[in-house]
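Survey of secondary and tertiary structure
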Amino acid sequence: MSPLMETVGNSPQATKPSAKNQWTETHYPYSRYLEETFGGKTYKIVVASGLTCPTRDGTIAKAGCAFCDIRGSSSYFGKQGRGASVKEQIRSRMPGVEKRFGAKGYLAYFQSYTNTYSDVNYLREIYEAALSEPEISGLCIGTRPDCLPDPVIDLLEELATTHYVSLELGVQSFEDESLLWLERGHDSKCSIDMLAKLRVRAPTVHTCVHLMFGQPTDTEGGPAEAARILNGIGVRGAKLHQLMVLEHTKLADLYRREPFKTLTLEEYTDQVIEFVENLSPSIYIERLSATASHPDECLAPKWSCNRWDPHNKMRDIMTARGCVQGKRLILT
Ligand code: SF4
């Protein structure tokens with residue numbers, strides 16, 4: 001799972017948009033999904049699992065996916081999690097989240113790396129350790145579509161019968177050329193097959209697909225096609241981010257050698273609108289764009305360095321354009 005994934009609520013940069021920004025609801029927001037699911041404010045507490053990825057341990061590759069700067073993540077194991085048990089991590093982080101956000105409910109968020117990439121006994125141990133904390137209402141587990149063997153899927157479904165379990169699946173793209181360019185080590189068929197399997201084998205698990213727009217290899221119509229795939233495959237949510245070029249990644253080296261185009265905020269918003277308007281209104285959208293966790297290490301696009309300015313501009317453009325989730329499904 002890419003470390004770009006942050007919830008607004010947990011971000012150290014998070015402040016509310018100004019009161020003048022009262023947009024119409026252009027899409028099904030994550031906040032409403034959480035309200036409907038838990039009945040109140042629920043926040044993620046990031047937890048390091050101590051696991052790695054097949055693109056880092058040499059199974060597929062050694063240097064990670066081309067865009068991934070794992071050091072930027074708040075659950076980077078070497079920074080925060082070394083030596084601390086799952087319970088210790090939760091207990092040390094919870095007071096800060098409660099104080100800052102007035103949270104009433106918590107989810108343990110196994111965010112960085114591939115948090116199903118281990119034998120099923122270890123996974124049961126860390127997931128159950130998190131769920132045994134009385135304040136924890138459920139799990140969010142970040143992983144890859146090629147790291148979910150049947151025993152692990154069965155464990156997730158078992159846990160989901162008694163607790164909320166969300167699987168955050170790093171699909172990134174349904175375009176094979178882009179997956180190659182990103183050096184993901186799996187193709188689109190792998191993602192589609194896994195989503196179809198999860199729908200049947202783990203129907204109680206809430207699957208949220210992570211997608212990235214802005215690869216130079218992306219084709220026109222890619223966001224609409226991605227939405228159409230999600231509409232028919234049983235996912236509960238989608239989380240969007242723009243391609244960012246971050247220091248300490250293969251993309252940074254490539255960008256310096258042969259600079260490639262990244263999306264302007266307006267171009268990225270066009271892609272988001274195309275996606276949203278083709279997406280079923282029943283699928284929540286957890287995030288419209290990402291923010292670089294270390295702005296000084298973001299080479300491009302520079303608008304990724306701020307959180308609320310791009311968010312506010314995107315919402316303004318979406319509102320002005322009359323964006324409504326699923327609108328094109330009705331028209332076509
Ligand atoms: S799977 Fe790729 S994107 Fe996810 S943490 Fe591992 S290297 Fe990074």
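Residues numbered from 1 in each chain as written. Predicted model: local features only at pLDDT ≥ 70, side-chain atom pairs only at ≥ 80, totals over all residues. Heavy atoms only, no water.

Attention now moves to the packing of helix 4 (residues 120-131) against helix 5 (residues 150-160). Between two packed helices, the angle of one axis relative to the other and the distance separating the axes together describe the packing. Direction vectors running N to C along helix 4 and helix 5 enclose 20°, while the axes themselves pass 10 Å from each other. Here helix 4 lies roughly parallel to helix 5, going by the angle between them. Judged by the sense of rotation from one axis to the other, the crossing of helix 4 with helix 5 is right-handed. Here Val120, Leu123, Arg124, Tyr127, Glu128 and Leu131 of helix 4 come into contact with helix 5, specifically with Pro151, Val152, Leu155, Leu156, Glu158 and Leu159. (Axes fitted to C-alpha atoms, helices over the stretch in contact; angles between N-to-C directions. Helix = DSSP H or I, 4+ residues; strand = E, 2+ residues; numbered from the N terminus. Parallel < 35°, antiparallel > 145°, perpendicular 65-115°, else oblique. Left-handed = near helix turned anticlockwise from the far one by under 90°. Contact = heavy atoms within 4.5 Å.)

On to the side chain of His210. Within the fold, His210 resides in strand 5 (residues 206-213). By relative accessible area, His210 is classed as buried at 0%. Within the local environment of His210, its side chain forms a polar contact with the side chain of Glu168, the two groups lying 2.7 Å apart. (Buried < 20%, exposed > 50% of the residue type's maximum accessible area, 1.4 Å probe, protein only. Polar contact = N/O pair within 3.5 Å; in protein donor to acceptor, adjacent residues only side chain to side chain.)

Glancing now at the sheet that holds strand 5. A sheet is described by the order of its strands in space; here seven strands give the open sequence 1-2-3-4-5-6-8, paired in parallel fashion. With partners counted over all chains shown, the strands left at the sheet margins are strand 1 (42-47) and strand 8 (284-287), one partner each. The mean inter-strand angle of the sheet, taken between neighbouring strand axes irrespective of direction, is 25°. Direction of pairing for strand 5 relative to strand 6 (residues 237-242): parallel, over a ladder of six bridges. The residue of strand 6 that forms the bridge with Leu211 is Leu240. This element, helix 4, spans strand 2 (105-110) and strand 3 (136-143) of the sheet and lies at about 145° to strand 3. (Pairing = 2+ DSSP bridges.)

Per the counting criterion, the structure on display carries 12 aromatic pairs. Look at Phe38 and Tyr164: their rings are 4.9 Å apart centre to centre, the planes differ by 70°, and that puts the pair in the edge-to-face class. Note that Phe38 is positioned in helix 1 (residues 30-38) and Tyr164 in strand 4 (residues 164-172), a separation of 126 residues in sequence. Seen from their ring centres, Tyr268 and Trp303 are 5.6 Å apart, and the 35° between their planes marks the pair as tilted. Taken as a pair, Tyr268 in helix 10 (residues 265-277) and Trp303 in the loop between strand 9 (298-300) and helix 11 (308-320) lie far apart in primary sequence, 35 residues in all. The pair Tyr268 / Trp303 is uniform in exposure class, with both members buried. (Phe/Tyr/Trp six-rings, centres within 6.5 Å; stacked < 30°, edge-to-face > 60°.)

To continue, consider the confidence of the model for the protein. In the predicted model, the protein carries a mean pLDDT of 90, and the fraction of residues at 70 or more is 89%. Segment residues 3-16 is flagged for pLDDT under 50; beyond a separation of four residues in sequence, or across chains, it makes 50 contacts in the model. Across residues 74-81, where pLDDT falls below 50, the model places 27 contacts with residues more than four positions away in sequence or in other chains. (pLDDT = per-residue confidence, 0-100.)

Relative to the helices and strands, Gln215 resides in the loop between strand 5 and helix 8 (222-231). The exposure class assigned to Gln215 is buried, which follows from its relative accessible area of 4%. As for Gln215 and Gln242, which are separated by 27 residues in sequence, their C-alpha atoms are 8.6 Å apart. For Gln215, the contacting residues outside a window of four places in its chain are Ser178, Trp181, Leu182 and Leu243. A distance of 3.1 Å separates a polar atom in the side chain of Gln215 from the backbone oxygen of Met212.

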